[in-house]
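Listed here are the chains, written in short residue letters.
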Amino acid sequence: MIKDTDTDVPVLKPEEEARLHEQHGVPVHVAPTQKRGKNNDRVTDAILTCEDVNVFYGDFRAVTGVDLDFARNQITALIGPSGCGKSTLIRVLNRMNDLIDGARVEGKVTFRGVDMYAKNVDAIEVRRRIGMVFQKPNPFPKSIYDNIAYGPRVIGMKVANMDDLVEEALTGAALWTEVKDKLKQSAFGLSGGQQQRLCIARTIAVKPDVILMDEPCSALDPIATTRIEDLMAELRRNYTIVIVTHNMQQAARVADRTAFFTALADEGTGDRTGVLVEYGTTTQIFESPRDQRTEDYISGRFG
Ligand SMILES: Nc1ncnc2c1ncn2[C@@H]1O[C@H](COP(=O)(O)OP(=O)(O)O)[C@@H](O)[C@H]1O
Ligand SMILES: [Mg+2]
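Source: prediction; values computed, not measured.

What counts, and where the lines are drawn
- Residues numbered from 1 in each chain as written.
- Chains lettered and ligands numbered in written order.
- Predicted model: local features only at pLDDT ≥ 70, side-chain atom pairs only at ≥ 80, totals over all residues.
- Helix = DSSP H or I, 4+ residues; strand = E, 2+ residues; numbered from the N terminus.
- Buried ≥ 20, exposed ≤ 12 C-beta atoms within 10 Å, placed from the backbone.
- Contact = placed C-beta atoms within 7 Å.
- Near = placed C-beta within 6 Å.
- Nonpolar A, V, L, I, M, F, W, Y, C, P; charged D, E, K, R; others polar.
- Axes fitted to C-alpha atoms, helices over the stretch in contact; angles between N-to-C directions.
- Parallel < 35°, antiparallel > 145°, perpendicular 65-115°, else oblique.
- Left-handed = near helix turned anticlockwise from the far one by under 90°.
- Core = buried A, V, L, I, M, F, W, Y, C linked by C-beta atoms within 7 Å.
- Arc of directions from axis to C-beta.

Q: Provide a residue-level description of the overall build of the protein, including the pertinent values.
A: Broken down by element type, the protein carries eleven helices and twelve strands. Every one of the 303 residues in the protein was classed for burial, and the buried ones make up 43%. A sequence separation of at least 24 residues applies to 70% of the contacts in the protein between residues at least 6 apart.

Structure, rendered in structure tokens:
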């Protein structure tokens, strides 16, 4: 058994380690213990970890020095004012920044104990296991059925029965009963909220471990938003979820843990860079923040 030597908490089960080793062909590292001041309550069962993460767009440093662990089967919310680097950071978590010209990530990011940015790690496989749902629902210009079947086909997933997989994914995204009689119709015929649940179904069809959501409700009406929030609570049983939201009430409603970011201005250049101010359980962050900046933000004194 691998132990976190500080607390004796097992951080990676031996069978998991063996599976990772087999899949990635690399020795598995156990993430170092988080002992940083900004993290108020340690995550003992982290599936994803960030250690001193810095992100640059060309010469511009968008995010500085982020240490953050994401707990397995929990919902973690990233909150903070516009431009503080929330989207930039969530893209770090599945190597989506690789696809942005000029973007560069420094620091260490691990997924199940494996350095996600190591040379021998396949970014496509990372994105299969850590899926992403965007702000604006972006279904493919295909039928509802094919939106779900596309991912498994493209990656050559072994599927015993595609109809079953489509039903399972749509059921998992709480959409099945609404679409089961029109699977061959275009996804564009669905409402915005249904399209977003379709995108969630598409993400879970390839059987990920983690779902990243960047402001998934900001283009939706309140009823569709509630449905997505309810769905997140369901998904949490099988997946780890990271959500960026500018809506603090949403973070308070859905998240187990909340990380508050802000943008600090460089006195010389005026450039603003995103930093993690405080991270803890959602209850702690909202009810007894330990940093004045967190308190100012959540009480609406600063936006
Ligand atoms: N693709 C990009 N190229 C250059 N700069 C970017 C890019 N994406 C974001 N930025 C900059 O990085 C900073 C953080 O942006 P972002 O991560 O989108 O913040 P948030 O999601 O918190 O609003 C901002 O200054 C933004 O202008
Ligand atoms: Mg954003």
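So, next bit.
Q: Give a detailed account of the site of ligand 1, specifying residues and quantitative values.
A: Around ligand 1, the neighbouring residues are Tyr57, Ala62, Ser82, Gly83, Cys84, Gly85, Lys86, Ser87, Thr88, Ile100 and Gly274. Looking at the shell around ligand 1 element by element, the count peaks at three residues for helix α2 (residues 86-92). Classifying every residue of the shell around ligand 1 gives four nonpolar, six polar and one charged.

Q: Tell me about the packing of helix α7 (residues 192-205) against helix α8 (residues 222-235), and please be specific about residues and values.
A: At a closest axis distance of 9 Å, the pairing of α7 and α8 adopts a crossing angle of 20°. The orientation of α7 with respect to α8, classified from their angle, is roughly parallel. Seen along the crossing, α7 lies across α8 with a hand that is right-handed. Each of Gly192, Gly193, Gln196, Arg197 and Ile200 in α7 lies in contact with α8, whose residues at this interface are Ala224, Arg227, Ile228 and Leu231.

Q: Now, about the nonpolar core: what can you tell me, with residues and values included?
A: With 75 residues, the main nonpolar core has Leu78, Ala201, Leu212, Ile241, Val242 and Ile243 as its most contacted residues. If near-sequence neighbours (up to four positions away) are discounted, Ile243 is found in contact with Ile75, Ala77, Met213, Pro216, Val254 and Ala255.

Q: Talk me through helix α5 (residues 162-172); I want residue IDs and the actual numbers.
A: Residues of α5 that are buried include every one of Val166, Ala169, Leu170 and Gly172, and no others. Around the axis of α5, the buried residues are gathered within 160° of arc, so they sit on the same side. Projecting away from the buried face of α5 at angles above 90 degrees are the exposed residues Asp163 and Asp164. Looking at the buried positions of α5, the neighbouring elements they touch are α4 (144-154), α6 (176-179) and α7. Remark: Ala174 follows α5 within two positions and exhibits a positive phi of approximately 55°.

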